[in-house]
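The primary structure of each chain is shown beneath.
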Amino acid sequence: MRHRFKKHYTREEARALLPTIRKWLEQLQQIRRWLVEADRDLEKLLGDGRDLGGEKVNAWIKGLCQLKKVAGEFESREIQLKDLDRGLIDFPAIIGGKEVFLCWEEDEDDIEFWHDLETGYAGRERIP
């Protein structure tokens, strides 16, 4: 049987990553907030007809690079970041011989749900 993902997580492996994932989510949320603020500042400067070279643009580019770097931590492990606001994460897994996602949200203490690759969050079921 051919699978979409190379890496499949057991519940225990996914659980072990939660402290690190919480840290990455916080970093991404902070960077995104900073970028939104920086975008407003840059937009205002553009509206005033100012040149946007230099320090502000460099800082914005560094922020984007940092965002890409942290997001890459998920991507390199084939962990799906579905919704940054909710901290919604899917881990590829095998349950009953079928490729599925273990599903977790930032406000949940543990990984307790799974869903088919196609159904998404709406199809969440409790892990047996």
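Up top is the structure these notes are about.
Residues numbered from 1 in each chain as written. Predicted model: local features only at pLDDT ≥ 70, side-chain atom pairs only at ≥ 80, totals over all residues. Heavy atoms only, no water.

*Asks:* Looking at this structure, how should I read the packing of aromatic side chains?
*Replies:* Note on aromatic pairs: each is described by the distance of the centres and the angle between the planes. Within the structure shown, the criterion is met by three aromatic pairs. Look at Phe-5 and Phe-101: their rings are 5.4 Å apart centre to centre, the planes differ by 65°, and that puts the pair in the edge-to-face class. Placement of the pair is Phe-5 in the segment before helix H1 (11-47) and Phe-101 in strand E3 (residues 98-105), with a sequence separation of 96 residues. The ring of Tyr-9 is capped by Lys-7, whose NZ or CZ atom sits 4.7 Å from the centre of that ring. When the ring centre of Phe-113 is taken as reference, the NZ or CZ atom of Arg-124 above it lies at 3.9 Å. (Phe/Tyr/Trp six-rings, centres within 6.5 Å; stacked < 30°, edge-to-face > 60°. Helix = DSSP H or I, 4+ residues; strand = E, 2+ residues; numbered from the N terminus. Lys NZ or Arg CZ within 6 Å of the ring centre and 35° of its normal.)

*Asks:* Which parts of the structure should I look at to understand the nonpolar core?
*Replies:* Counting residues in hydrophobic clusters, the biggest one holds 23 residues, and the most contacted among them are Ile-21 and Phe-91. Of all the secondary structure elements, the ones that give two or more residues to this core are H1, helix H2 (55-76), strand E2 (88-95) and E3. Element by element, the count of residues in this core is highest for H1, at nine residues. Contact partners of Ile-21, with chain neighbours within four places excluded, come to Phe-74, Ile-79, Ile-89, Phe-91 and Trp-104. (Core = buried A, V, L, I, M, F, W, Y, C linked by side-chain atoms within 4.5 Å. Buried < 20%, exposed > 50% of the residue type's maximum accessible area, 1.4 Å probe, protein only. Contact = heavy atoms within 4.5 Å.)

*Asks:* Explain the sheet that holds strand E1 (residues 80-83) here, please?
*Replies:* Adjacent strands of a sheet form backbone hydrogen bonds with each other and so pair up, either parallel or antiparallel. Taken in spatial order, the five strands make up an open sheet running E1-E2-E3-E4-E5, and their pairing is antiparallel. Where the open sheet ends on each side, the last strands, each with one partner, are E1 and strand E5 (125-126). Of the pairings in the sheet, the one linking E1 to E2 comprises three bridges and is antiparallel in character. Following the sheet pairing, Asp-83 is matched in E2 by Leu-88. (Pairing = 2+ DSSP bridges.)

*Asks:* Is there a simple way to think about the environment of Ala-38 in this case?
*Replies:* Mapped onto the secondary structure, Ala-38 falls in helix H1. Taking the C-alpha atoms as reference, Ala-38 lies 44 Å from Ile-95; in sequence the two are 57 residues apart.

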